[in-house]
Amino acid sequence: MKTLIDKLRRQTFLTKEEYVTLIDHRTPALADYLFEQSREVRHHYYGHDVYVRGLIEFTNYCKNDCRYCGIRCGNHQVQRYRLTEDEILSCCDNGYALGFRTFVLQGGEDPYFTEERIVSLIRRIKQGYPDCALTLSIGEKTRDEYQAYFNAGADRYLLRHETANDAHYRYLHPPTLSSANRKRCLRDLKAIGFQTGCGFMVGSPGQTTECLAEDMLFVKELQPQMVGIGPFIAQHDTPFRDQPNGTMELTLFMLGLLRLTLPKVLLPSTTALGTIHPLGREKGILAGANVVMPNLSPVSVRDKYLLYDNKICTGDEAAECRNCLSLRMKSIGYTVVVSRGDYPADTPERNETT
Ligand code: SAM
């Protein structure tokens, strides 16, 4: 199996069968070997720096009914909220003072936030914080809408593809949503010029090793600048309430494989990983991740953006989250930096064969 990891590191891709073999035959010793490799690659491009993104969860209204998600429209237990433009700006203010240079606006697919409202928000944030990057994570839109956001100044867009396998996608989503449209969105975003992020849940109901291998082939083909992955965690008011959670162990292994497959990728160690294990985010960094995304949303709404059960950091102030993460990173020899943390487009790829 080690030779497959060596091959992946050398050529940065494997066949679907090879990914399946590696994932199915993983052992703790093989994982340790993988993480040695993935850390070396990560250190080559990013040293021991960790980039932070301030996450602003600005609405939990959603018109979609994804079967895994706690804020799906079919969940009537959710107390819905949306932040005003001023409230969002005040989150940015707070974040800027704490050293954040990237803001991520994430929300459900909320029809209240029309193209016009989002464009106005982007303009205000970019005017107020011209040295910061702005990331949107607001779901599936038309190409024209994405173009309008880009023209208004948004820099990056996160849209997890969730699973690259069509049948699995249909199992996780209502019939109104399709894998083809999700992938269309991602291709449009890249073509427009956004630094684009895709990603998937690990251990989502119905996921097989083949699905994970297809995810790897999809990211290799799309060449996103970011990939967000985290374990699936059941939410008690969704149809998947009784499904087992994804594991930290497999999530870490997938992080290692992603680092070798896309050496320069921006790879978050996610809140979901920190939720299934108290040291999940530290372990994610040690598996090759290089980004953390603390919460900047007002404390008063944090316990309403519950995509899954037991989400961490719902009671903390932004400053506490920032300091806590800095200390956590320091404890494993890494440093949270004040930087936009852009994708290193001009860094030459390492060529190990010469
Ligand atoms: N509406 C936007 C979208 O669909 O891209 C952004 C918000 S959506 C809630 C953000 C991500 O949360 C999804 O892409 C999904 O992967 C993740 N998520 C939702 N429910 C989850 C769960 N039960 N466990 C883990 N992750 C979950």
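Refer to the structure above for everything that follows.
Residue positions are given per chain, counted from 1 along the sequence in the order it is written. Totals for whole chains, interfaces and linings use every residue, but because this is a predicted model, local features are given only for residues with pLDDT of at least 70 and side-chain atom pairs only at 80 or more, for both listing and counting. Side-chain numbers here rest on the full set of heavy atoms in the structure, without hydrogens or water.

**Q** When you look at the sheet that holds strand E1 (residues 49-52) in this model, what are you seeing that I'm missing?
**A** Hydrogen bonds along the backbone pair up the strands of a sheet, which may run parallel or antiparallel. We treat two strands as partners when DSSP finds at least two bridges between them. Numbering of helices and strands starts at the N terminus; helices are DSSP runs of H or I of at least 4 residues and strands are runs of E of at least 2. As summarised here, the arrangement of the 3 strands in space is E8-E1-E9, forming an open sheet in which the pairing is parallel. Of all strands in the sheet, those with a lone pairing partner are strand E8 (291-292) and strand E9 (335-337), marking the two edges. Two elements, E1 and E9, share 3 bridges in a ladder whose sense is parallel. When the bridges of E9 are listed, Val50 appears paired with Val336. Seen against the sheet, helix H14 (residues 318-331) touches E1, E8 and E9 and runs at an angle of roughly 135° to E9. In this analysis, two residues are considered to be in contact whenever any of their non-hydrogen atoms come within 4.5 Å of each other. Axes here mean lines fitted to C-alpha atoms, for a helix over just the part in contact, with angles spanning 0 to 180 degrees between N-to-C directions.

**Q** Would you mind going over the sheet that holds strand E3 (residues 102-107) with me for this structure?
**A** Spatially, 6 strands are ordered E2-E3-E4-E5-E6-E7 in an open sheet, and the strand pairing comes out parallel. Of all the strands in the sheet, the pair left with one neighbour each is strand E2 (54-59) and strand E7 (226-231). Across the sheet, the mean angle separating the axes of adjacent strands is 20° when strand polarity is ignored. Helix-sheet contacts for helix H5 (residues 115-128) involve E2, E3 and strand E4 (133-137), and the interaxial angle to E4 is about 155°. Each of strand E6 (195-202) and E7 touches helix H9 (residues 209-222); the most contacted strand, E6, lies at about 175° to it.

**Q** Honestly, the nonpolar core in this entry has me stumped. Any pointers?
**A** One broad rule of soluble globular proteins: the nonpolar side chains tend to lie buried together. In terms of nonpolar packing, the biggest core is built from 109 residues, with Ile56, Phe103, Ile125, Tyr149, Met254 and Leu257 touching the most fellow members. Looking at which element gives the most residues to this core, the answer is helix H10 (residues 248-261), with 9 residues. Beyond its immediate chain neighbours, meaning those up to four positions away, Ile56 contacts Leu83, Ile88, Cys91, Cys92, Phe103, Val104, Leu105, Gln106, Leu296 and Ser297. Grouping buried Ala, Val, Leu, Ile, Met, Phe, Trp, Tyr and Cys residues that are joined through side-chain atoms within 4.5 Å yields what is termed a nonpolar core. Whether a residue is buried, partly exposed or exposed follows from its accessible area with a 1.4 Å probe, protein chains only, as a fraction of its type maximum: under 20%, in between, or over 50%, in that order.

**Q** Please explain the side chain of Asp155 as it appears in this structure.
**A** Position of Asp155 relative to the elements: it lies in the loop between helix H6 (143-152) and strand E5 (156-158). Here Asp155 falls in the buried class, since its relative accessible area comes to 17%. Under this definition, polar contacts are N or O atom pairs within 3.5 Å; protein pairs additionally need one hydrogen-donor-capable and one acceptor-capable atom, and for neighbouring residues in sequence, both atoms have to be side-chain atoms. Reaching out from Asp155, the side chain makes a polar contact with the backbone nitrogen of Leu134 at a distance of 2.8 Å. Apart from the residues lying within four places of it in its own chain, the contact partners of Asp155 are Lys126, Cys132, Ala133, Leu134, Phe194, Gln195 and Arg340.

**Q** Could you clarify how one ought to interpret the site of the ligand in this entry?
**A** Taken together, 18 residues form the shell around the ligand, and within it Tyr68, Gly107, Arg160, Glu162 and Ile233 come nearest. Measuring from a nitrogen atom of the ligand, one finds a backbone N or O atom of Gly107 at 3.0 Å. Leu307 has a polar backbone atom sitting 3.4 Å from a nitrogen atom of the ligand. The protein chains shown are the only cover counted for residues, whose accessible areas, like all others here, come from Shrake-Rupley with a 1.4 Å probe. Its free accessible area being 560 Å², the ligand has 93% of it covered by the protein chains. In this count, Pro and Cys sit with the nonpolar residues alongside Ala, Val, Leu, Ile, Met, Phe, Trp and Tyr, while Asp, Glu, Lys and Arg are called charged and the others, Gly among them, polar. Considered class by class, the residues forming the shell around the ligand number 10 nonpolar, 5 polar and 3 charged. One heavy atom within 4 Å of a molecule or strand is enough for the residue carrying it to be called near that molecule or strand.

**Q** Is there a simple way to think about the pairing of E3 in this case?
**A** Regular strands place side chains that alternate from one sheet face to the opposite one. Of all the 6 residues making up E3, 6 are buried; the element is thus mostly covered by neighbouring parts of the structure. A two-sided burial pattern is seen for E3, the buried positions comprising Thr102, Val104 and Gln106 on one face and Phe103, Leu105 and Gly107 on the other. In the sheet, E2 pairs with E3 via 5 bridges, with the strands oriented parallel. Counterpart to Leu55 in the pairing with E3 is Val104. A crossover gets the label right-handed when its path from the first strand over the helix to the second runs clockwise, viewed with the strands pointing away from the viewer. For the crossover from E2 across helix H4 (residues 85-97) to E3, the handedness is right-handed. As paired elements, E3 and E4 share 5 bridges and run parallel to each other.

From the geometry alone we can't say anything about function, so treat these as descriptive.
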